[in-house]
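Structure at a glance
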Amino acid sequence: APALCAGSVIFALLNEQRYHFPIQTNVGWHFAAFFFVLYAGRREWLRALLASRPFRAVGTASYSIYLIHEPIVGAIVTAFGPRIGGAAAMTVGISAGVAAGFAFWAIVERPLTRPAFVANVVRKTRSAYGTLLAAAGAPETLRLAPAETEFNMHPEASAPVLDWSAARERLATR
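A brief structural summary. Just so it is clear, the model here is predicted, and its values are computed rather than measured.

1. Regarding the environment of G81
- Here G81 is to be found in helix α6 (residues 62–84).
- Relative accessible area serves as the criterion here: at 13%, G81 is assigned to the buried category.
- For the pair G81 and V92, spaced 11 residues apart in the sequence, the C-alpha separation amounts to 9.9 Å.
- Not counting residues up to four positions away in its chain, the partners in contact with G81 are I76, G86 and A89.

As structure tokens, then:
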């Protein structure tokens, strides 16, 4: 796996294009990541490193980092690259992008994903969605069921039911 990972990195670097988001379109990087995961799963020291607190923290905030980093890195590289050099600007940009991603996670993502907050949003919007569906003329009850096919793999499973009859009644009394 290490040789395959290294070979994939070399392949990716040789096939690198000079356009936006090359990592997403260069299959070499995908193979390198795949072989890295295979290698990491077989090496205790690497598993321990990836399970360490700093790496877990990056994993926890990774979606926020993903959302936030690109414009920050791009702005810093564009603004400072000509003055301090591309590699230095990229280092500063990546550091600032990761830091901003952590801040976004702490300020926005973390509070919005707390179970109490999610339950409160669902509780408050359920009635409004029911009223909207009733006003749109949707049937009072909607039963989600699998399509009738020759091969019903789970005949004992009951289909979920969405019922907004209370919202329809409220709308009728207005």
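2. Remarks on the packing of aromatic side chains
- Counted under the stated rule, the structure contains three aromatic pairs.
- Measuring from centroid to centroid gives 6.4 Å for F31 and F35, while their planes differ by 20°, and the two rings are stacked. On the criterion of helical spacing, the pair formed by F31 and F35 is a turn pair, its members being four residues apart in helix α3 (residues 27–42).
- Residue class for F31 comes out partly exposed when judged on its relative accessible area of 44%.
- Among the residues examined, F35 registers a relative accessible area of 14% and is labelled buried.
- Taken together, the aromatic side chains of F31, F34 and F35 make up a single cluster linked through ring pairs.

3. Observations regarding helix α7 (residues 86–112)
- Taking 1.5 Å as the rise per residue, α7 with 27 residues should run 39 Å; its terminal C-alpha atoms sit 36 Å apart, in good agreement.
- Where α7 bends most, the angle comes to about 45°, and this point is W105.
- Three or more residues of α7 are buried, namely A89, G93, G97, G101 and E109.
- If you follow the buried residues of α7, they end up packed against α6.

4. Examining the packing of helix α1 (residues 2–14) against α3
- The contact between α1 and α3 brings their axes to 8 Å, and the two run at 165°. The pairing of α1 with α3 is recorded here as roughly antiparallel in orientation. Classified by chirality, the crossing of α3 by α1 is left-handed. Judged by residue contacts, P2, L4, C5, S8, V9, F11, A12 and L13 of α1 engage V27, G28, W29, F31, A32, F35, F36 and Y39 from α3.

Cut-offs applied
- All residue numbers here refer to positions counted from 1 along the written sequence of the relevant chain.
- The model is predicted, so local features are restricted to residues of pLDDT at least 70 and side-chain atom pairs to those at 80 or more, both for listing and for counting; the totals for chains, interfaces and linings are taken over all residues.
- In computing side-chain properties, one takes all heavy atoms of the structure into account and sets aside hydrogens as well as water.
- Numbering goes from the N terminus for both helices and strands, where a helix is a DSSP run of H or I of at least four residues and a strand is a run of E of at least two.
- Relative accessible area decides the class of each residue, using a 1.4 Å probe on protein chains only: under 20% of the type maximum gives buried, over 50% gives exposed, and in between gives partly exposed.
- When checking whether two residues touch, look at their non-hydrogen atoms; a contact exists if any pair is within 4.5 Å.
- Aromatic rings from Phe, Tyr and Trp, taking only the six-membered ring of Trp, are treated as a pair when their centres fall within 6.5 Å; an angle between ring planes under 30 degrees marks them as stacked, one over 60 as edge-to-face, and anything in between as tilted.
- Multiplying 1.5 Å by the residue count of a helix minus one yields the expected span of that helix.
- Bend angle per residue: angle between axes fitted to the 7 residues ending at that residue and the 7 residues starting there.
- Interaxial angles span 0 to 180 degrees and are taken between N-to-C directions of axes, which are lines fitted to C-alpha atoms, for helices over the stretch in contact.
- What sets the label is the angle itself: under 35 degrees gives roughly parallel, over 145 gives roughly antiparallel, 65 to 115 gives roughly perpendicular, and the rest give oblique.
- In a left-handed crossing the near helix is turned counterclockwise from the far helix by less than a right angle, and in a right-handed crossing that turn is clockwise.

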